[in-house]
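A structural walkthrough
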Amino acid sequence: LGDTMIYENIRALREQNHLTQTELAQKLHMAQNTYSQYETGKIEWTAPLLTQLYGVSVDYLLGLKAK
């Protein structure tokens, strides 16, 4: 449940912020295909990388609390 919630919330946040995977990948200093693998769960996120995304807590991305 938690892992699925992370990926769903990360994608939803990206879309809510009107960002493409390419734009967000550039912000995180990585290739788009690498970012895509993070977003789909093929590569595991690290806590520091997660918190760089949108300034939300890891708890939010895990679905443990509201934004």
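Refer to the structure above for everything that follows.
Description of the structure in this document.

Scoring rules and cut-offs
- Residues numbered from 1 in each chain as written.
- Predicted model: local features only at pLDDT ≥ 70, side-chain atom pairs only at ≥ 80, totals over all residues.
- Heavy atoms only, no water.
- Phe/Tyr/Trp six-rings, centres within 6.5 Å; stacked < 30°, edge-to-face > 60°.
- Helix = DSSP H or I, 4+ residues; strand = E, 2+ residues; numbered from the N terminus.
- Buried < 20%, exposed > 50% of the residue type's maximum accessible area, 1.4 Å probe, protein only.
- Core = buried A, V, L, I, M, F, W, Y, C linked by side-chain atoms within 4.5 Å.
- Contact = heavy atoms within 4.5 Å.

Let us look at the packing of aromatic side chains. Considering all chains together, one arrives at two aromatic pairs under this definition. Ring plane angle 75° and centroid distance 6.1 Å describe the contact between Tyr-35 and Trp-45, whose orientation is recorded as edge-to-face. Of the two residues, Tyr-35 is situated in helix α3 (residues 32-40) and Trp-45 in the loop between α3 and α4 (47-54); the sequence distance between them amounts to ten residues. Residue Tyr-35 shares its accessibility class with Trp-45, and that shared class is buried. Between Tyr-38 and Trp-45, the aromatic rings sit 4.7 Å apart at their centres with planes inclined by 40°, giving tilted as the arrangement. Note on Tyr-38: relative accessible area 14%, which makes it buried. Pairwise contacts between aromatic rings join Tyr-35, Tyr-38 and Trp-45 into one cluster.

On to the nonpolar core. In this structure, Ile-10, Tyr-35, Trp-45 and Leu-53 are the most contacted members of the largest nonpolar core, which totals 18 residues. Sorting the residues of this core by element identifies α1 (2-16), α2 (21-27), α3, α4 and α5 (58-61) as the ones contributing at least two each. Every residue in contact with Tyr-35, bar those within four places of it in the chain, is listed here: Ile-10, Arg-14, Gln-21, Leu-24, Ala-25, Leu-28, Met-30, Trp-45 and Leu-53.

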